[in-house]
Amino acid sequence: MKDGIRSFSFLDKWYPGTGEYDKHFEEGVYSCAGCGTPLYRSTTKFNSGCGWPAFYEGLPGAINRTPDPDGMRVEITCAACGGHVGHVFKGEGFPTPTDERHCVNSISLKFVPANS
């Protein structure tokens with residue numbers, strides 16, 4: 001651990017429905033749990049039914065995308081610290097402006113309410 005924060009480049013499996021932000025829909029910003037960089041606005045969060053928090057787009061410049069070696073998925077990481085955030089999927093047919101689903105691990109996020 002660095003500064004008391006577990007590295008987000010882990011390979012642990014976070015099971016669907018176990019994270020605190022899957023069904024969380026308050027107004028605010030979701031930031032990187034590792035470095036505090038804002039990643040997502042709550043207005044881009046939607047219920048995909050996958051069991052993990054889902055967003056249709058990140059804040060400009062906040063998220064890096066890297067195809068997994070097998071080409072099946074695209075990993076998303078915090079652009080500031082490189083912490084693993086989740087994976088992004090395209091073309092699943094969700095009624096969102098981008099037709100993307102950022103499937104994010106709750107442990108990778110910290111929520112900051114709009115009124116704080």
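About the cut-offs
Residues numbered from 1 in each chain as written. Predicted model: local features only at pLDDT ≥ 70, side-chain atom pairs only at ≥ 80, totals over all residues. Heavy atoms only, no water. Salt bridge = Lys/Arg side-chain N within 4 Å of Asp/Glu carboxyl O. Buried < 20%, exposed > 50% of the residue type's maximum accessible area, 1.4 Å probe, protein only. Helix = DSSP H or I, 4+ residues; strand = E, 2+ residues; numbered from the N terminus. Pairing = 2+ DSSP bridges. pLDDT = per-residue confidence, 0-100. Contact = heavy atoms within 4.5 Å.

Draft legend 1. Highlighting the pattern of salt bridges. Counted by the stated rule, this structure contains 5 salt bridges. Of the charged contacts in the structure, one is a salt bridge between aspartate 22 and lysine 23, with a shortest N-O distance of 3.5 Å. Of the residues examined, aspartate 22 reaches a relative accessible area of 10% and is grouped as buried.

Draft legend 2. The pairing of strand β8 (residues 100-104), seen in detail. Burial within β8 is extensive, with 5 of its 5 residues counted as buried. Side chains Glu100, His102 and Val104 project from β8 onto one buried face, and the interleaved Arg101 and Cys103 project onto a second face that is buried too. Here strand β4 (residues 54-55) runs beside β8; their pairing, made up of 2 bridges, is antiparallel. Note on β8: the bridge partner recorded for phenylalanine 55 is histidine 102. Examined bridge by bridge, strand β7 (residues 84-90) and β8 share 5 bridges and lie antiparallel to one another. Looking across to β8, one finds that valine 88 is bridged to histidine 102.

Draft legend 3. The arrangement of the confidence of the model for the protein chain in detail. Overall, the predicted model of the protein chain reaches an average pLDDT of 87, with 86% of residues at or above 70. A low-confidence stretch, residues 1-12 (pLDDT under 50), is modelled with 13 contacts involving residues beyond four sequence positions or located in other chains.

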